[in-house]
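What follows is each chain in one-letter form.
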Amino acid sequence: MIFQDLILQNFGPYKGRHCINLLPDADRPIVLFGGLNGGGKTTLMDALRLVLYGQRAQCSTRNNLAYADFLNQCRNRHANGTPTQLELSFLLTRNNAAQPTTLRVCRTWENLGKKNRDTLEVFEDDELKPDLVNGWDGEIETLLPLGISNLFLFDGEQVKELAERDSLPPSVIQAIRNLLGLELPERLDTDLDVLISRKRKQLAKDNDRQQLEDIEATLEAQHTERRRIKQNRASLQNQLELAQHHLELAQEKYITEGGKIASEEAALKAKKTQLETDIETLRQSLRELAADEIPLMLIRPLLKKAQPQAEDEIKHQQFELAKDLIDDQNQALLAFANDNFDPDQAKQLAKFLDSQYQTMAYAIEEPYLDLDAATLHQLGHSLKHTLPNQRRKVKQLLKSIQQTQSESESLERYLATAATTETYQKLSQAVTEGQTKLANLTAEAVQLDRQIEQINQQIERTKKDLQSYSQLAIDLKNTNHMLATANKVKHTLAEFKQRLKLHKLNRLEELVTKHFLYLLRKPDFVHRVQIDTDTFQLSLFDQEGEQLPKHRLSAGEQQLLAIALLWGLANASGRQLPVAIDTPLGRLDSEHRQHLVARYFPQASHQVLLLSTDTEIREEEVGVLRSQAAIAREYLLDYHPKKRQTTVKAGYFW
């Protein structure tokens with residue numbers, strides 16, 4: 001099988017139609033895709049799985065979504081009515097034919113309901129094949145079985161999980177069994193059990209047969225009853241969803257039409273009354289300030305002008321009171337100087353006393369304030385402290401009154417939208433009825449779930465009765481040649497199955513060991529990889545035959561071991577299938593990274609789709625692959641954050 005073209009139309013971030021050529025060259029197997037995280041690499045892998053397997057596809061983002069819901073989720077949000085489509089064409093060589101056959105698988109869907117599905121078309125050499133459409137699940141199982149698809153379409157997270165687990169996951173164990181052909185002996189063993197069961201009925205006594213048939217009839221009746229209950233439960237689930245929807249509508253109407261406000265009306269009115277009381281309290285505080293000095297703010301400029309005038313008048317008063325005393329003192333000093341000093345010194349003293357007198361003399365125009373010192377002090381204190389403080393208090397009170405008034409008015413408008421008493425009763429009744437109906441349906445659903453659990457227990461008990469009786473019938477007819485022969489065949493088949501498993505696992509051990517040593521930086525560190533025949537658990541042994549605990553491997557070496565296992569399984573299958581790998585270079589150091597790039601990617605398959613970020617396959621690694629002439633095509637998944645769309649361009653990051 002060789003993938004030719006992959007077409008994505010309005011799928012995930014791929015808006016519009018994108019056609020990607022996947023064909024490798026004869027000696028260039030790698031098709032390299034580069035893209036940053038969130039750029040569409042995983043979406044590309046999901047597209048491959050979805051177009052091949054449809055509803056059975058193990059896509060990364062599906063989780064527990066119903067198939068129709070998952071398909072709707074995969075549609076590009078900007079598709080604008082254009083259908084979503086995935087198309088994959090690939091080459092097959094059937095029955096050693098000279099020319100390969102081209103198969104083209106196309107899945108198309110638009111907005112789907114819960115019971116709708118995508119439209120599948122399968123073309124063989126451009127001719128629509130209805131028989132392939134109807135039997136596609138069986139056809140793809142012959143080409144690339146779903147059970148082994150993860151061994152050929154895998155990503156770094158899968159490798160990481162496989163590397164970190166102490167035991168292999170069930171999906172990998174089942175894939176190993178499928179690849180190695182171990183399911184065929186088990187199928188034969190099951191077919192023998194069916195044959196033996198049929199013969200038990202034929203060889204049992206009449207009364208034994210009748211009892212066996214009664215048990216089987218009881219079992220069938222129980223299965224019928226379980227189907228009936230499950231149908232009722234499914235029908236009830238629809239009623240539950242409808243009741244939930246109606247309740248949500250009633251609750252939304254209850255809120256939008258004022259029911260909620262009406263239910264809170266008493267509390268809201270009490271709050272409004274409290275706000276009005278608060279406003280009155282604030283206004284009273286404002287009135288008290290108005291009765292104090294705050295009205296003087298109206299003449300504050302005049303008061304500021306009066307303050308220096310009052311100071312001048314006080315100084316003038318003080319000078320006038322001391323003037324006569326100063327004159328008497330000066331006259332006494334001059335008389336003393338005239339009597340005791342020479343004339344020049346007496347003149348100098350007289351001149352000095354006159355200048356001092358002129359300095360202290362404080363003359364003003366006509367005084368008009370006539371304030372005393374205490375009143376002047378009170379005026380200064382008011383201008384500097386009292387009036388500014390009271391002004392700030394007034395501003396705060398006015399702001400508080402405004403805010404409280406605004407809140408009161410908003411609350412009044414809010415109360416005006418409350419439903420009337422009659423409307424409130426209707427709205428409240430609708431919500432109560434919706435809640436009651438939903439609660440009743442939920443209780444009924446719980447009861448049906450309990451009935452399903454009970455009928456399941458009854459079925460299990462009946463099965464045990466049937467098994468016990470069937471074993472008794474075999475014991476009674478153990479001389480029958482057919483049963484004896486069948487048991488012998490089953491024993492032989494068990495031995496054959498064990499030998500086949502050993503043979504296949506020995507081959508797989510050789511391949512895994514070979515690939516692991518080829519990728520490993522320390523080839524003498526591990527001598528042999530052994531696979532347990534029952535659990536398929538991998539064990540490592542050194543040159544001396546001593547077992548090496550897995551934890552002694554580094555994280556990168558454990559990842560290489562996981563890749564070696566996948567590589568060995570792909571080789572052991574004998575199938576020529578493409579390999580798609582998404583971001584596989586996880587926690588590898590530079591040397592292991594180089595080994596994986598140079599040794600694994602070019603040899604993993606005849607066609608290798610390699611999806612990587614710029615930090616996985618860097619400029620150095622892509623240079624190695626180019627130097628080996630291993631790359632057939634290079635693409636860059638260019639994601640535009642503003643448009644939330646990915647465009648496929650030719651070329652890589654470098």
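1. Concerning unusual backbone geometry
A positive phi is found at Asp125, a non-glycine position, where the angle reads about 50°. Mapped onto the elements of the fold, Asp125 is located in the loop between strand E6 (119-124) and strand E7 (127-128). Despite not being glycine, Arg644 shows a phi value in the positive range, around 55°. By the secondary structure assignment, Arg644 is in the loop between strand E14 (631-640) and strand E15 (645-650).

2. Comments concerning the sheet that holds strand E5 (residues 101-109)
Sheet architecture is open: six strands sit in the order E2-E1-E4-E5-E6-E7, paired in antiparallel fashion. The open sheet has two edge strands with one neighbour each: strand E2 (14-21) and E7. Two elements, strand E1 (residues 2-11) and E2, share six bridges in a ladder whose sense is antiparallel. Its bridge partner being in E2, Leu8 is matched across the sheet by His18.

3. Topic: the packing of helix H18 (residues 590-600) against helix H19 (residues 619-627)
Put simply, H18 and H19 touch, their axes get as near as 9 Å, and they point 30° apart. By the angle class used here, H18 and H19 are roughly parallel. With respect to the hand of their crossing, H18 and H19 are arranged in right-handed fashion. Here Arg593, Val597 and Ala598 of H18 lie close against H19, whose contacting residues are Glu621, Val624 and Leu625.

4. Side note on the sheet that holds strand E11 (residues 547-548)
What the three strands build is an open sheet, ordered E9-E10-E11; its pairing is antiparallel. Of all the strands in the sheet, just strand E9 (528-531) and E11 have a single pairing partner and so form its edges. Relative to E11, strand E10 (residues 538-541) runs antiparallel, the two being bridged by two bridges. Bridge pairing links Phe541 to Gln547 in E11.

5. Examining the pairing of E15
Pairing of E14 with E15, which is carried by six bridges, proceeds in the antiparallel orientation. Its bridge partner being in E15, Tyr639 is matched across the sheet by Thr646. Counting the residues in the hairpin turn of E14 and E15 gives four residues, including Arg644, whose phi is positive at 55°.

6. Let's talk about H19
All buried positions along H19 are accounted for by Glu621, Val622 and Leu625. Down the axis of H19, the buried set is contained in an arc of 95°. They therefore lie on one face. When the buried face of H19 is taken as reference, the exposed residues oriented beyond 90 degrees from it are Glu619, Glu620 and Ser627. Against strand E3 (30-35), H18, strand E13 (608-612) and E14 lie the buried residues of H19.

7. What about the side chain of Glu634?
Of note, Glu634 is situated in strand E14. Reaching out from Glu634, the side chain makes a polar contact with the side chain of Arg626 at a distance of 2.8 Å. Not counting residues up to four positions away in its chain, the partners in contact with Glu634 are Leu32, Arg626, Lys649, Ala650, Gly651 and Tyr652.

Conventions used here
Residues numbered from 1 in each chain as written. Predicted model: local features only at pLDDT ≥ 70, side-chain atom pairs only at ≥ 80, totals over all residues. Heavy atoms only, no water. Helix = DSSP H or I, 4+ residues; strand = E, 2+ residues; numbered from the N terminus. Pairing = 2+ DSSP bridges. Axes fitted to C-alpha atoms, helices over the stretch in contact; angles between N-to-C directions. Parallel < 35°, antiparallel > 145°, perpendicular 65-115°, else oblique. Left-handed = near helix turned anticlockwise from the far one by under 90°. Contact = heavy atoms within 4.5 Å. Buried < 20%, exposed > 50% of the residue type's maximum accessible area, 1.4 Å probe, protein only. Arc of directions from axis to C-beta. Polar contact = N/O pair within 3.5 Å; in protein donor to acceptor, adjacent residues only side chain to side chain.

Treat this as a map of the structure, not an account of what it does.
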